[in-house]
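# Structure assessment
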Amino acid sequence: MDSVEMSAETKRYRFLALFCNLALLGFVALWHSTLSPHPLINPYGIMVAWIIPMLFPLKGIIQGKPYTHAWANFILMFYFLHGLTILWLDEGERYLALIEVIITSGAFVGNIYYARLRGKELGLKLKRLSEVEKIEKAKYTEK
């Protein structure tokens, strides 16, 4: 199924998604371990806690699976909200939060457009709710 040729536009969004997801992983690890470690808690423990959620979709993102790119955005929203909160509240870490918001936004855009374009190229699509309802209704009315 992956033998379908990828268009140049899809490749661009794939690169953006892959680059930003990996950049966010590295940046968050660097931020919490080195750039601005927590003064009272082990910085490496915090770093591990911050990077674990990003590891869940990493394999699928590296492999270029459209579905993984789509659901990875739910995880990215956690980092986006964290960045916005720090931008608003903490003057000392504003520049770090701005970088986090920019990288997260890039990953979000890359993920969503890659998933959409690659899904179309591969012929993947979700069934309409009305179609699903008809199938389910037929399944249970036969018995």
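Residues numbered from 1 in each chain as written. Predicted model: local features only at pLDDT ≥ 70, side-chain atom pairs only at ≥ 80, totals over all residues. Heavy atoms only, no water.

Identification of the chain as DUF2069 domain-containing protein from Aliivibrio finisterrensis is taken from an unreviewed UniProt entry.

### Regarding the UniProt feature "transmembrane region" (unreviewed entry) in the chain
The positions that UniProt labels "transmembrane region" (unreviewed entry) are, in the present scheme, residues 15-34, 40-58, 70-89 and 95-115. Between the first and last C-alpha atoms of residues 40-58 the distance is 30 Å; the span itself is 74% helix and 0% strand. For residues 70-89, helix accounts for 100% and strand for 0%, while the C-alpha atoms at its two ends are 30 Å apart. (UniProt positions renumbered as here; feature names shortened; annotations may be inferred. Helix = DSSP H or I, 4+ residues; strand = E, 2+ residues; numbered from the N terminus.)

### Quick notes on the packing of aromatic side chains
Two aromatic rings are characterised by how far apart their centres lie and by the angle between their planes. The tally for this structure, following the rule as stated, stands at six aromatic pairs. Taken together, a centroid distance of 5.7 Å and an interplanar angle of 50° make the contact between phenylalanine 27 and tryptophan 31 tilted. Taken together, the residues span about one helical turn, with phenylalanine 27 and tryptophan 31 both in helix α1 (residues 8-35) at a distance of four residues. Of the two residues, phenylalanine 27 and tryptophan 31, both sit in the buried class. An aromatic cluster of at least three residues, connected via ring pairs, comprises Trp50, Phe78 and Tyr79. Across from the ring centre of tyrosine 114, 5.8 Å away, lies the NZ or CZ of arginine 14, which sits over that ring. (Phe/Tyr/Trp six-rings, centres within 6.5 Å; stacked < 30°, edge-to-face > 60°. Buried < 20%, exposed > 50% of the residue type's maximum accessible area, 1.4 Å probe, protein only. Lys NZ or Arg CZ within 6 Å of the ring centre and 35° of its normal.)

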